[in-house]
Amino acid sequence: MATVPVTDATFEAEVVKSPIPVVVDFWAEWCGPCRQIGPALEELSNEYAGKVKIVKVNVDHDQAAAAQLGVRGIPALFLFKDGKVVSNKTGAAPKAALQSWIASAI
């Protein structure tokens, strides 16, 4: 399962009302660190298929959710469980660090 693009219009349905935990990646195409962690998030999306959903919100196109969560820098990752933020982190990290962050929060 690949990462899922999410917009402000689909954020509630895809993230808040998801029956499984969701990692939200707030990113932009011009952001080098965002592009750096993209492949790792795609791999993790496949590894966690059915257990954790990984979605991407492009902050250049959809800003409401990012503003509501107080995102100040990207990449910004938020982990939602039962519709609430349980953990978040900002900045690029290697795949192993992202994997342990997700595992510790779910």
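Nothing here was measured: the structure is a model prediction, and the numbers come from that model.

**Some thoughts on the overall build of the chain**
Then, number 1: From N to C terminus, the chain includes four helices and five strands.
Then, number 2: Element order for the chain, N to C, with α for helix and β for strand: β-α-β-α-β-α-β-β-α.
Then, number 3: Radius of gyration (C-alpha) of the chain: 12 Å, near the 13 Å computed for a compact globule of 106 residues.
Then, number 4: Seen through its principal axes, the chain has C-alpha atoms that stretch 30 × 30 × 20 Å.
Then, number 5: Considering only residue pairs separated by 6 or more positions, the chain has 72% of its internal contacts joining residues 24 or more positions apart.
Then, number 6: Surface accessibility of the chain: about 5,400 Å² in total, with carbon and sulfur atoms responsible for 54%.

**Side note on the side chain of Lys53**
Then, number 1: Along the chain, Lys53 turns up in strand β3 (residues 53–58).
Then, number 2: Separated by 2.8 Å, the side chain of Lys53 and the backbone oxygen of Glu14 make a polar contact.

**A few points about the sheet that holds strand β1 (residues 4–5)**
Then, number 1: Taken in spatial order, the five strands make up an open sheet running β1-β3-β2-β4-β5, and their pairing is mixed. Looking at which strands have only one partner, the edges of the open sheet turn out to be β1 and β5 (84–90).
Then, number 2: Strand direction decides the pairing type here: strand β2 (residues 22–27) and β3, joined by six bridges, are parallel. Paired with Phe26 across the bridge in β3 is Val57.
Then, number 3: Seen against the sheet, helix α2 (residues 32–47) touches β2, β3 and β4 (76–81) and runs at an angle of roughly 155° to β3.

**Re the pattern of salt bridges**
Then, number 1: Summed over the entire model, instances satisfying the criterion amount to five salt bridges.
Then, number 2: Between Asp25 and Lys56 there is a salt bridge, with its nearest N and O atoms 2.8 Å apart. Taken together, the residues span a long stretch of sequence, with Asp25 in strand β2 and Lys56 in strand β3 at a distance of 31 residues.
Then, number 3: Owing to a relative accessible area of 0%, Asp25 belongs among the buried residues under this scheme.
Then, number 4: Residue classification places Lys56 among the buried residues on the basis of a relative accessible area of 15%.
Then, number 5: Ionic pairing is found between Glu47 and Lys95, a salt bridge with its closest N-O pair at 2.6 Å. A residue pair is termed long-range when its members are at least 10 positions apart, and Glu47 in helix α2 and Lys95 in helix α4 (residues 95–105) qualify at 48 residues.
Then, number 6: Residue class for Lys95 comes out partly exposed when judged on its relative accessible area of 25%.

**Things to note about the pairing of β4**
Then, number 1: β4 sits mainly inside the fold: five of its six residues count as buried.
Then, number 2: In this structure, β2 lies alongside β4, joined through five bridges in antiparallel fashion. Across the sheet, residue Val22 finds its bridge partner in β4, namely Phe80.
Then, number 3: Examined bridge by bridge, β4 and β5 share six bridges and lie antiparallel to one another. In the sheet register, Ala76 faces β5, and the bridge partner there is Thr90.

Criteria and thresholds
Residues numbered from 1 in each chain as written. Predicted model: local features only at pLDDT ≥ 70, side-chain atom pairs only at ≥ 80, totals over all residues. Heavy atoms only, no water. Helix = DSSP H or I, 4+ residues; strand = E, 2+ residues; numbered from the N terminus. Rg over C-alpha atoms; globule rule 2.2 N^0.38 Å. Contact = heavy atoms within 4.5 Å. Areas by Shrake-Rupley, 256 points an atom, 1.4 Å probe, with all protein chains shown as cover. Polar contact = N/O pair within 3.5 Å; in protein donor to acceptor, adjacent residues only side chain to side chain. Pairing = 2+ DSSP bridges. Axes fitted to C-alpha atoms, helices over the stretch in contact; angles between N-to-C directions. Salt bridge = Lys/Arg side-chain N within 4 Å of Asp/Glu carboxyl O. Buried < 20%, exposed > 50% of the residue type's maximum accessible area, 1.4 Å probe, protein only.

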